[in-house]
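Close look at the chain arrangement
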Amino acid sequence: MSATLASKKEVVVPVQVFNVLRRELEKEVGTLPAVRALHHAGYEAGLGAAASFETSGAGASLTDLAASDFWGRIERFFSKRGWGRLVHEDLHPGVGLLRSSDWLEATPDDTDPEGSCSFSTGYLAGLLSELSGRPVAVLEVTCRSRGDDACRFAFGSEAVIHDLYGHMLEGADLTRALDEL
């Protein structure tokens, strides 16, 4: 089978695969390397998913879509595949937000102060980068696994998301971190 054909195929796996992969990677290499590995794997998977996303529309070119139509397609793309409902919000010039109260990678019954959506963060970054034709960074700013009401993924340029992350590391909540950008 050619690499091109293989990259367009999709498989369905039980949601527990994310929890098992994370736990096993953490046991083998530690938490931070596990997060990095899942993020990198998600990024590569997101790059490949762009082909499925582009063929899932009604034939309209992505560049011809209104923003609301594009984000509606993103929501349908993830919902149809069982990831959960993903809603777009404009947060700040240069920073968007994707929010889900039912995101599948989160483990709200097994609270983890580190969160658990590392694969998803990479997947979203890869998908959005490929679709936009430029690097898009994604930062999970809230997670149901940490006890938050929803998983929220901020996205934008690498520089802006890096600055946002820095402000949040210094203790700023999302609103204050955005104000400080």
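Each chain has its residues counted from 1, running along the sequence as written. Totals for whole chains, interfaces and linings use every residue, but because this is a predicted model, local features are given only for residues with pLDDT of at least 70 and side-chain atom pairs only at 80 or more, for both listing and counting. To obtain the side-chain values, all non-hydrogen atoms of the structure were used and water was disregarded.

Thoughts on the pairing of strand S3 (residues 137-142)
Note on exposure labels: buried denotes an accessible area under 20% of the residue type's maximum, exposed denotes more than 50%, and partly exposed covers the range between, all computed with a 1.4 Å probe on protein chains only. Secondary structure elements follow DSSP: runs of H or I of four or more residues count as helices, runs of E of two or more count as strands, with numbering from the N terminus. The buried count for S3 comes to 6 of 6 residues, which makes it a mostly enclosed element. Strands were regarded as paired on the criterion that DSSP finds at least two bridges between them. Pairing of S3 with strand S4 (residues 151-156) involves 5 bridges; the strand directions are antiparallel. Its bridge partner lying in S4, Leu-139 is registered against Ala-154.

Structural notes on the pattern of salt bridges
The salt bridge definition used is simple: a Lys or Arg side-chain nitrogen within 4 Å of an Asp or Glu carboxyl oxygen. Taken as a whole and assessed by the stated rule, the structure comprises 7 salt bridges. Salt-bridge contacts for Glu-24 lead to Lys-27; the nearest nitrogen and oxygen are separated by 3.0 Å. Remark: Lys-27 and Glu-24 occur in helix H2 (residues 16-29); sequence separation between them is 3 residues, near one turn of the helix. Its relative accessible area of 36% is what places Glu-24 among the partly exposed residues. The class of Lys-27 is exposed, set by a relative accessible area of 62%. Notably, a salt bridge pairs Arg-176 with Glu-180, separated by 3.1 Å at the nearest N-O pair.

Overview of the environment of Ala-49
Inspection of the secondary structure puts Ala-49 in helix H3 (residues 31-55). Here the alpha-carbon distance between Ala-49 and Leu-124, two residues 75 residues apart in the chain, equals 9.7 Å. Note on definitions: a residue-residue contact is assigned when non-hydrogen atoms from the two residues lie within 4.5 Å. Those residues in contact with Ala-49 that sit more than four places away from it in its chain are Phe-77, Tyr-123 and Leu-127.

Topic: the side chain of Thr-142
For Thr-142, the location among the structural elements is in strand S3. By relative accessible area, Thr-142 is classed as buried at 15%. Within the structure, the side chain of Thr-142 is placed 2.8 Å from the backbone oxygen of Ala-150, a separation counted as a polar contact. Residues contacting Thr-142, with those up to four places away along its chain left out, are Asp-148, Ala-150, Cys-151 and Arg-152. As used in this structure description, the phrase polar contact means that two N or O atoms lie within 3.5 Å; if the pair is within protein, one of them must be able to donate a hydrogen and the other to accept it, and residues adjacent in sequence are counted only when both atoms belong to side chains.

Some thoughts on helix H6 (residues 158-169)
Taking 1.5 Å of rise per residue, the 12 residues of H6 would be expected to cover 16 Å, and the 16 Å separating its terminal C-alpha atoms lies within 8% of that figure. Residues of H6 that are buried include every one of Ile-161, Leu-164 and His-167, and no others. Across the axial projection of H6, the buried residues extend over an arc of 120°, all falling on one side. The exposed residues of H6 that point more than 90 degrees off its buried face are Glu-158, Ala-159, His-162 and Leu-169. Looking at the buried side of H6, the elements it contacts are S3, S4 and helix H7 (174-179). Count one or two residues on from H6 and you reach Gly-171, which has phi positive near 105°. For a helix, the expected span equals 1.5 Å multiplied by the number of residues minus one. Each C-beta atom gives one direction from the helix axis, and the arc is the one those directions make.

Regarding the nonpolar core
Nine residue types can take part in a nonpolar core, namely buried Ala, Val, Leu, Ile, Met, Phe, Trp, Tyr and Cys, and a core is a set of them joined through side-chain atoms within 4.5 Å. Grouped together as the largest cluster of nonpolar side chains are 30 residues, with contacts concentrated most on Ile-74, Phe-78, Leu-127 and Phe-153. Other than its neighbours up to four places away in sequence, Ile-74 contacts Phe-53, Leu-86, Leu-127, Leu-128 and Leu-131. Ranked by size, the runner-up nonpolar core spans 12 residues in total, among them Ala-137, Leu-139, Leu-174 and Leu-178.

Considerations on helix H5 (residues 118-132)
Given a rise of 1.5 Å per residue, 15 residues ought to cover 21 Å, and the 21 Å separating the end C-alpha atoms of H5 matches this to within 8%. Burial analysis of H5 places 13 of its 15 residues in the buried class, the great majority of the element. Backbone geometry just after H5 places Gly-133 at a positive phi near 80°.

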